[in-house]
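A closer look at the structure
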Amino acid sequence: MQAPLSWVYSHTVRFLGAVKVAVRDGRGFVLIRRGDATAYYFRYGDITLRGNAAREYLSSMEVIELTLCKYTDEEFAAAVAWCRAEGVPVHDNEEENVVADGADGADGADLPQDEVTEPPASLSLLAEMDGIILAARCTEEEMEVLAGTCPDGLACADIAASLWESDSLIGSVGAGSLRYFFLETPAGHFCAVPDGESILCVLTDRSVPLGRVRSLVQGLLSEQ
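Residues numbered from 1 in each chain as written. Predicted model: local features only at pLDDT ≥ 70, side-chain atom pairs only at ≥ 80, totals over all residues. Heavy atoms only, no water.

**Some thoughts on the overall build of the protein chain**
Looking only at helices and strands, the protein chain features seven helices and 11 strands. Here the protein chain holds 224 residues, and 39% of them are scored as buried. At a minimum sequence separation of 6, the contacts of the protein chain that also span at least 24 residues come to 54%. (Helix = DSSP H or I, 4+ residues; strand = E, 2+ residues; numbered from the N terminus. Buried < 20%, exposed > 50% of the residue type's maximum accessible area, 1.4 Å probe, protein only. Contact = heavy atoms within 4.5 Å.)

Shown next, in the form of C-alpha cells:
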C-alpha cells in the first residue's frame, strides 16, 4: 500500500513487527512496537540512513510504499538485536521499562561486557542485511535455503566434503575438533558449521566483517 509515514503511527497501535518501506529504488524498515517507532533504517544505493536521518527522510516523502510484517515477541527481540549490531539507534520504551522493573534491589552497577547477551539475528531480517548472499542448512544431498539464493555451482556434497576434510586434518594434528569452517576469498566469506546431522552455512560478500559472519551463524544456530 502507499501512504505517508504518518499513517504508520496512527494505524499500528496493536501491531508488533516491521513496516517495510520503499521509496524509488531505496529500501528500509521501521520497527514498530504497538504504535511506537523503535528503529528506523533506510538504504538507497551506497547511502545508508539510520535513526533520525532515516525518519526525517521518510517523513519528507508525500507517499511511500508500505508493507506490514508481523513479528512474534522473539522475532521482534531478534530484530532489535540486529539493529544494535548494525549501529541503528533503538528506542524501545517497553524494553526499558522491563529492565527498570527488574532492577529492584540492584546497586546500579553495569554488568561486565562479557556478561551481556543479546538475542540472535532473526531469519526474517536476513533479507534486509547488506552483503548476505546465502544462508542455508544442508546435508550431503539436500539444501534448505533460509535466506538469499544459492550461487550456481555450490553443491551440498562439496560443502560437506570440505567440512569433513578440515575436521580430519584438525584431528590428524591433534588440534581438537572442528567448530567453524571459514573460507575467505577476494569475493567474500564462507562459513560452515556442523549442527547435528546437517551443516549450517552462510555466504557473504566482502562488506560483511568476519566477526559479523560468526555472530550471525551463532544466532541462526540458536534460532533453529
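**A look at the sheet that holds strand β3 (residues 26-33)**
Spatial strand order, β1-β6-β2-β3-β4-β5: six strands in an open sheet with antiparallel pairing. Two strands bound the open sheet, and with one partner strand each, they are β1 (2-3) and β5 (47-50). Where strand β2 (residues 16-23) and β3 come together, eight bridges link them in antiparallel fashion. Of the residues in β3, the one forming a bridge with Val 23 is Gly 26. Along the sheet face, helix α3 (residues 73-85) touches β2, β3, β4 (36-44) and β6 (64-70) and points at about 125° away from the line of β3. (Pairing = 2+ DSSP bridges. Axes fitted to C-alpha atoms, helices over the stretch in contact; angles between N-to-C directions.)

**Some points on unusual backbone geometry**
Positive phi, close to 45°, is recorded for Arg 34, a residue that is not glycine. Relative to the elements of secondary structure, Arg 34 occurs in the loop between β3 and β4.

**Points about the pairing of β3**
Among the eight residues of β3, seven are classified as buried, and the element is accordingly described as predominantly covered. The antiparallel hairpin formed by β2 and β3 contains two residues in its connecting segment, where Arg 24 sits at a positive phi of about 55°. Direction of pairing for β3 relative to β4: antiparallel, over a ladder of seven bridges. From the neighbouring strand, Arg 33 faces β4, where its bridge partner is Asp 36. Hairpin connection, β3 to β4: the antiparallel pair is bridged by two residues, and Arg 34 has positive phi, about 45°.

**A closer look at the sheet that holds strand β9 (residues 181-184)**
Spatial ordering of the open sheet is given by β8-β7-β11-β10-β9, a layout of five strands whose pairing is antiparallel. Only two strands of the sheet have a single partner each, and these edge strands are β8 (143-148) and β9. Mean inter-strand twist for the sheet, computed between neighbouring axes without regard to direction, equals 15°. Alignment of strand β10 (residues 188-195) against strand β11 (residues 198-205), held across eight bridges, turns out to be antiparallel. Its bridge partner lying in β11, Asp 195 is registered against Ser 198.

**Notes on helix α6 (residues 156-172)**
Its 17 residues give α6 an end-to-end C-alpha distance of 24 Å, which sits within 8% of 24 Å, the value for a rise of 1.5 Å per residue. Where α6 is buried, its residues meet β7 (132-138), β8, β9, β10 and β11. (Expected span 1.5 Å × (residues − 1).)

**Things to note about the packing of aromatic side chains**
The description of two aromatic rings rests on the distance between their centres and on the angle between their planes. For the coordinates displayed, the defined rule picks out five aromatic pairs. Ring plane angle 55° and centroid distance 5.6 Å describe the contact between Phe 29 and Trp 82, whose orientation is recorded as tilted. Linking Phe 29 in strand β3 with Trp 82 in helix α3, this pair joins segments that are 53 residues apart in sequence. Its relative accessible area of 1% is what places Phe 29 among the buried residues. Their ring planes at 40° and their centres at 5.3 Å tell us that Phe 42 and Tyr 57 sit as a pair that is tilted. (Phe/Tyr/Trp six-rings, centres within 6.5 Å; stacked < 30°, edge-to-face > 60°.)

**Here we look at the environment of His 189**
By the secondary structure assignment, His 189 is in strand β10. Judged by relative accessible area, which is 4%, His 189 ranks as buried. Taking C-alpha positions, His 189 is 6.5 Å from Arg 206, a pair spaced 17 residues apart along the chain. The contacts of His 189, once residues within four sequence positions are left out, are Leu 183, Glu 184, Val 202, Leu 203, Thr 204, Asp 205, Arg 206, Val 208, Leu 210 and Val 213.

**Brief notes about the confidence of the model for the protein chain**
Looking at the protein chain, pLDDT values average 76 and 80% of them are 70 or higher. Averaged pLDDT values over the elements of the protein chain bottom out at 48 in helix α4 (residues 93-101) and peak at 90 in β3. Within the model, the stretch residues 96-122 combines pLDDT values under 50 with 21 contacts to residues more than four positions away or in other chains. (pLDDT = per-residue confidence, 0-100.)

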